[in-house]
Amino acid sequence: MGSNRTIVWFRRDLRIEDNPALAAAARDGSVFPVYIWCPKEEQQFYPGRVSRWWLKQSLVHLDQSLKSLGARLVFIKTDSTLNALLECINAIQATKVVFNHLYDPVSLVRDHNIKEKLVELGISVKSYNGDLLYEPWEVYNDKRHAFTTFNPFWQKCLHKQMEPVSLIPPWQLIPAEGKVEKCSIEDLGLENELEKPSNALLGRAWSPGWSNADKALTEFMDKHLLHYSMNKQKVGGDSTSLLSPYLHFGELSVRKVFQTARVKQISWANEGNSVGEESVTLFLRAIGLREYSRYLCFNFPFTHERALLGHLSFFPWNADPANFKTWRQGRTGYPLVDAGMRELWATGWMHNRIRIIVSSFAVKMLLLPWKWGMKYFWDTLLDADLECDILGWQYISGGLPDGHELERLDDPEILGAKFDPEGEYVRQWLPELARMPTEWIHHPWNAPLNVLRASGVELGQNYPKPIIDIDLARERLTQAIFKMWGAEAAAKAGSSDARDDEVVVDNSHSIENLDIPKAVFQGKAPCASISANDQKVPALQAVQDPKNELPIRKRRKCMEENGKNLENSVNHENDSRVSNADQDTCSTADSSSSKKQCSTSTYSFSVPQQCSSSSNLKWPWQEQVDMEQSSGKDGATGG
Ligand SMILES: Cc1cc2nc3c(=O)[nH]c(=O)nc-3n(C[C@H](O)[C@H](O)[C@H](O)COP(=O)(O)OP(=O)(O)OC[C@H]3O[C@@H](n4cnc5c(N)ncnc54)[C@H](O)[C@@H]3O)c2cc1C
């Protein structure tokens, strides 16, 4: 064992097993494990109540595990992570700082800056891959461009050599001693007194912590994985793995999940069990989507605020806070949507299918900006994960070349019949519809008056009438798309490279501005400590080729033809919600060349304030429906 004194900076890698940063520090000498909580740096991505509850439980769990190995986890609350790290370095006379990589836009910038600063001060810093099967800078196509669709990305991943899991965790840690201004877990302020009663309910359903994650993985592999392909469309119950919060907080090594599932697949293949084989393929594909979410954020660092496909920049969003509130409260009058939104509020979790349904409703039926929905999910999900959230919302809103088409609008009534055929999910979350016969439960507005009366349902009184009629919504969506095309064409005619930022002017009074530090786009000089495995930042990539093409979604021919008629009737006046300054299309691969442009753009992520303020809430759709996953057709997050 070496004589280094190493600070292990924990973030979203709250585990002992297969934790490369911790393992390297333990091999090298004494360790000083620290968790630094800096709400100021989280900015608008400050985690929501349920997410903070999970984090708190998980940190307590990790501290207990570290204690049993000989070292305590030091908690620090601060206004500056860098200062806190420097304090720790001085206190223990550290020779090294180690951590595992994160890929969300806030962390990418912060980690890069901190690393640069520490290296400048002569402190050795080393970072590791603790969150992914492959680093996002390791997977490129034959032309060294980043992939912009999921299937080829995942195929490439599946053919790459993977680092083996280091299952044997350190059996003993030698603590590095030093006096720092630490605080208790309570003092971190992750949970306030008012939140405790509601949070206590979460503890009945979920057990955060890395060893619980391990148990959940074993149970899923032993009991549920075999039928994953058959069960995954069932929206109620635990038809999927429920591993997302564990994976988000790094309580489970994704390499371990992958390798455990692969072992099952090989053994089922040997037994001729095709159902099992298919289930593993689909489950691994889900894990691949998580990989892809990080890949997109890394290679297209603007995607947390602008869609990958530039045309959405011209979409005339209906930024109506009242509709947004109705959607959040689950009062749209569409039972499946309302049930999903109430489940989200009550439990902090929803099945992928329900996430697709409620998010599509917000974007396609209400024309609400996808970024509003993304932020609301961020605030309310137990597994709130910026990259997965971004991928999900872009997937449903036509922002990805291989996601749902913008013009696709599924009827919630038909979706209800398909995914909740007995109406049990709706009955569970909408007690006011509990007595509705199954035949009408997904479209109570069509039910005969005597049926409504017998069920105790009075539309407009104890259950809302539909917020918008489906046919009207379709017409409005079509008009909005033509307006978008018109604006896009006008911008192209005006200047070849002038495109709009995806700006949504918030018409509520209070605006939260996105204030992401711009360093990602600034093309800083590589920091001195960089080794082959070290964290890279997008600005450091040398894979860009100016000739690289941007992803383009082709318009459907039938829409174009209809458009010729409709365009005459649609007013092409300049919509005030669309600005004229998009430099977009820092595509993956040419993110470097467009980076400079991006750095001058003004960021405009704004969400009505009440989105973040949970106290405003009163409560705790065509046959085309997602064949992507089962058919293997492109489709990023089809579930
Ligand atoms: C609009 C929208 C927003 C979403 N926001 C989030 C989010 O904030 N956090 C989050 O973890 N997932 C998010 N997802 C993805 C997905 O819904 C959840 O990961 C999944 O429902 C979690 O349940 P599970 O663990 O039982 O999944 P399983 O089906 O058992 O999948 C195993 C793991 O694979 C990953 N995964 C599965 N599906 C996806 C997917 N479509 N995209 C990315 N990763 C996936 C997750 O880590 C998941 O735990 C979102 C999807 C949509 C459509």
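Computed from a predicted structure; not experimentally measured.

> Looking at this structure, how should I read the UniProt feature "binding site: FAD" (unreviewed entry) in the protein chain?
Mapped onto this numbering, the UniProt entry gives "binding site: FAD" (unreviewed entry) at Tyr228, Thr240, Ser241, Leu242, Leu243, Ser244, Phe283, Asp383, Ala384 and Asp385. Residue classification places Ser244 among the partly exposed residues on the basis of a relative accessible area of 26%. Within the secondary structure, Phe283 is located in helix 12 (residues 274–299). Exposure remark for Phe283: the relative accessible area of 2% places this residue in the buried category. If we skip the residues at most four places from it in the chain, Phe283 touches Phe220, Met221, Leu225, Tyr228, Ser241, Leu243, Val257 and Ala261.

> Is there a simple way to think about the side chain of His442 in this case?
As for its position among the elements, His442 is in the loop between helix 20 (438–441) and helix 21 (449–454). For His442, the side chain forms a polar contact with the main-chain oxygen of Asp420, separated by 3.0 Å.

> Explanation requested: helix 18 (residues 412–419) in the structure shown.
Since the α-helix packs 3.6 residues into each turn, any two residues three or four apart lie on the same face. Listed in full, the buried residues belonging to helix 18 are Pro412, Leu415, Gly416 and Phe419. Burial along helix 18 is one-sided: seen end-on, the buried residues are contained in an arc of 105°. Looking at the buried positions of helix 18, the neighbouring elements they touch are helix 14 (335–347), helix 15 (352–365) and helix 22 (470–494). Residue Asp411 occupies the N-cap position of helix 18, its side-chain oxygen lying 2.9 Å from the main-chain nitrogen of Glu413.

> Would you take a moment to explain the confidence of the model for the protein chain for this structure?
Model confidence for the protein chain is summarised by a mean pLDDT of 82, while 77% of its residues fall at 70 or above. Within the model, the stretch residues 496–500 combines pLDDT values under 50 with 19 contacts to residues more than four positions away or in other chains. The model gives residues 566–605 a pLDDT under 50, and that stretch makes 115 contacts with residues more than four places away or in other chains.

Calculation criteria
- Residues numbered from 1 in each chain as written.
- Predicted model: local features only at pLDDT ≥ 70, side-chain atom pairs only at ≥ 80, totals over all residues.
- Heavy atoms only, no water.
- UniProt positions renumbered as here; feature names shortened; annotations may be inferred.
- Buried < 20%, exposed > 50% of the residue type's maximum accessible area, 1.4 Å probe, protein only.
- Helix = DSSP H or I, 4+ residues; strand = E, 2+ residues; numbered from the N terminus.
- Contact = heavy atoms within 4.5 Å.
- Polar contact = N/O pair within 3.5 Å; in protein donor to acceptor, adjacent residues only side chain to side chain.
- Arc of directions from axis to C-beta.
- pLDDT = per-residue confidence, 0-100.

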